[in-house]
Amino acid sequence: MLNVGVIGLGKMGSLHMMNCLHIEGVELIAAVDQSRKALNKARSTGVTHLYSDYHDLLHRPPPNMDAVIISLPNFLHLESIALALEAGLDVFVEKPMAKTAEECLEIVNLVRKSGRKLMVGHSSRFVDAIQKMKSVLDMGYLGSLETLTLEEIINGPFAHGSIPTPVPEWWFNHEKVGGGVLLDLGYHLIDLFRFFTRGECRVLFASIDHKLNLPIEDSAVAVLQSTDSPTKGIVNVGWYQKSTFPQFNFRVILHGSSGYMSSDQLVPNNVYLHAIKEGAKNLCRRIIGKRIKPLSYTYFATAYYNELQHFVECVMHDLEPSVSPEDGLRTIETIEEAYKTATRTTS
Amino acid sequence: MEIMGEIVSLVKTQSSGEDIREAIAKALDLIDFKSKNNISSVVIKPNLCYYWNASTGYTTDPRLVSAIIDWVRDTHGVDTDIKIVEADATAMKTKHAFLMLGYEKLAASKKVVLLNLSDDNITEKKVKIGKREIEFKIPSSLLDTDLFVSAPKLKIMRNVKITCALKNTFGCISSPRKIVYHPFLEEAIVGINKILRPDLTIVDGLVALGHHPVKLNMIMASTDPFSVDWTASRIMGYNPSRIKFMKIAMAENIGNPEGITTRGENIEEFQRIFPKEPVLSLNHHWNLLTRLFKLYAKATKDVIHPSLEGI
């Protein structure tokens, strides 16, 4: 049994908390949030140790706690990770690993010293469609990979869900958030470029825009070049599009010497029929006493469950997570390079 | 005998700055709008309830507000004190909306003041709608101004079907947590309109929002917000007499549909272009779908995606 705590019960933290309840062998024992409502929700799921300040948990964690999921604002990642590692806990941290490469490097060193495991939530790698595309590419069906097109254009953090909820103020603070859409969505796409090319990359071109007049960028286009192969990637991200759940304007296209494959080919034709079908399957699973497949009604959000399950397996069986702290560092380094390139371009 | 009711003007524009100014002037001529003399302060209330810009059909286009400012200065003098106002909402902070939607730039270029009504002095007022007594915090700037211009957007809305002039006045309530009014939203919309009545409503129909956004290229104007909503409902494909808050408004004498007259363009032209909600749209069946989803989540204990949290 793996005893887990969740720090931060915002959108992603709540999602991770609820996913934990479906992972075999996980016992959710602690939760941290400043909101009493969020803590009450955690209590209702059976969490016994509740805190309003993560320092209280990390300075004196329950003796049986093994791992922690950190889902705090970006500017608190470094400090909370350091405290968790010091407390001897394995860590799953929501992306980005930290807001700067300097902070990421510090985390990489802390992880090495601690001997604990740290996995960053590079959830896009765990999207079913991406996994399928990777295996098709690895089987050689597409020939040599020449170009990738990677796109994610969505509402961004400034749009609320079905029920109006305030946008946390740190999203409007450059110092605290560390960057804009490149750090938020570009992070996933740059990671996917590294994932598909199995190597590092550099930035050939980057253009960033501030359509929303905020100090952080809300749209960006970047061209990546693999350092190990001739493969190039075009990254296109934006927070400017009004989209409604379950629509998800995300796609990856792999262009190879023998063919191409788009993630759009793996998306259900009718997302609503898909939701009904998957919902019915889960109902049947529940009726016959089997585990459900959480979030399968969304077709893309199962990735959050898959990544957490992978982390749990790695901790329980002492395996190395497929997403390393170095992956987090390299991704942030590329983003910082894009910021520098974009600055040169605009100047 | 024909009853002479309120007048609503409908004017077409090509959406460029100059065209919008001309369209506003024409729309006001058509309703024979005569401002009071000695206007020294003007408040303009756009609809900025989200952080999505005007092209999405959710928020008032700053170009429309810019044209209203020009009209005010042409009519009442360049020294007229003009404020663009909005109040915080549950999920929207006015200071961010002003910045993100281009109003800070507009205010700087036009040298007008931006005012967050949630920071204004307030007067507490109670009204009775049917058997329900509702309390509102009213920003003083709206009570003290010489001319109150409402600049709503023309759009459909899941909870109350349509949102235009009467709902834009609801956005003036000082309290940010307007969600507290949502259990009785229709009564609250009518309640606030019993207290606050814009002198003039100029509707942004440049991009309207139906099933999807559409360039309607329309300006609508009237001195009567009820008549604006009556006409807006017809454009958006709803029978206004079947919209709950319109029915309550009639019962509370906020407006009278008898004899509402449209002048200018033919309403059918805009009705034809407006993308009405299909019968099978999610919005029409939202309550049923959310109920089914809740049952599903309860039965399977499946995880609720953050976008659906709280339904």
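Bear in mind that the values here come from a model prediction, so they are computed numbers and not experimental data.

Student: Residues and numbers for the domain arrangement of chain B, please.
Tutor: As far as domains go, chain B holds domain 1 (7–277) and domain 2 (283–311). One C-alpha centre belongs to domain 1 of chain B, the other to domain 2 of chain B, and the line joining them spans 33 Å.

Student: An account of the interface of chain A and chain B is requested, with residue identities and associated values reported.
Tutor: With 30 residues of chain A at the interface, the matching set in chain B holds 23 residues. Counting residues per element, the ones that place at least two in the side of chain A that touches chain B are helix 1 (11–20) and helix 9 (271–287) of chain A. With five residues, helix 1 of chain A is the single largest residue contributor to the side of chain A that touches chain B. Looking at the side of chain A that touches chain B residue by residue, the classes come out as 17 nonpolar, 10 polar and three charged.

Student: Which residues make up the sheet that holds strand 10 (residues 232–238) of chain A, and what values go with them?
Tutor: All names here are of chain A. Taken in spatial order, the six strands line up as 8-9-10-7-11-12 in an open sheet, and their pairing is mixed. Pairing within the sheet leaves two strands with one partner each, and these edge strands are strand 8 (201–209) and strand 12 (260–262). Strand-to-strand twist across the sheet, computed as the mean angle between neighbouring axes with direction ignored, equals 10°. Relative to strand 12, strand 11 (residues 250–256) runs antiparallel, the two being bridged by three bridges. Bridge pairing in strand 12 places L254 opposite M261. Together, strand 7 (145–153), strand 11 and strand 12 form the strand contacts of helix 6 (residues 128–138), whose direction differs from that of strand 11 by roughly 5°.

Student: So, the packing of helix 1 of chain A against helix 10 (residues 302–316) of chain A: which residues are in play, and what are the values?
Tutor: Residues and elements named next belong to chain A. For the pair helix 1 and helix 10, the least separation of the axes is 10 Å and the interaxial angle reads 65°. Classified by chirality, the crossing of helix 10 by helix 1 is right-handed. In contact with L15, H16, N19 and C20 of helix 1, helix 10 contributes Y304, Y305 and L308. For the contact of helix 1 with helix 10, the per-class residue count stands at five nonpolar, two polar and no charged.

Student: Go over the nonpolar core with me, naming the residues and quoting the values.
Tutor: One finds V4 and V91 of chain A together with I24, I68, V149, I202 and I219 of chain B to be the most contacted residues of the largest nonpolar core, which totals 193 residues. The contacts of I219 of chain B, once residues within four sequence positions are left out, are V11, T13, A23, I24, A27, I202, V203 and G205 of chain B.

Student: Talk me through the confidence of the model for chain B; I want residue IDs and the actual numbers.
Tutor: Confidence along chain B averages 93 in pLDDT terms, with 97% of residues attaining 70 or more. Both confidence scores are given for the complex: pTM 0.92, ipTM 0.88.

Student: Describe helix 8 (residues 225–235) of chain B, naming the residues involved and giving the relevant values.
Tutor: Residues and elements named next belong to chain B. With respect to burial, helix 8 is a largely interior element, 10 of its 11 residues being buried. Listing the buried residues of helix 8 in full gives P225, F226, S227, V228, D229, W230, T231, A232, S233 and I235. Looking one or two places after helix 8, you find G237, whose phi comes out positive at around 90°.

Here is what the cut-offs are and how they apply
Residues numbered from 1 in each chain as written. Chains lettered and ligands numbered in written order. Predicted model: local features only at pLDDT ≥ 70, side-chain atom pairs only at ≥ 80, totals over all residues. Domains from an automatic or database assignment. Contact = placed C-beta atoms within 7 Å. Helix = DSSP H or I, 4+ residues; strand = E, 2+ residues; numbered from the N terminus. Nonpolar A, V, L, I, M, F, W, Y, C, P; charged D, E, K, R; others polar. Pairing = 2+ DSSP bridges. Axes fitted to C-alpha atoms, helices over the stretch in contact; angles between N-to-C directions. Left-handed = near helix turned anticlockwise from the far one by under 90°. Core = buried A, V, L, I, M, F, W, Y, C linked by C-beta atoms within 7 Å. Buried ≥ 20, exposed ≤ 12 C-beta atoms within 10 Å, placed from the backbone. pLDDT = per-residue confidence, 0-100.

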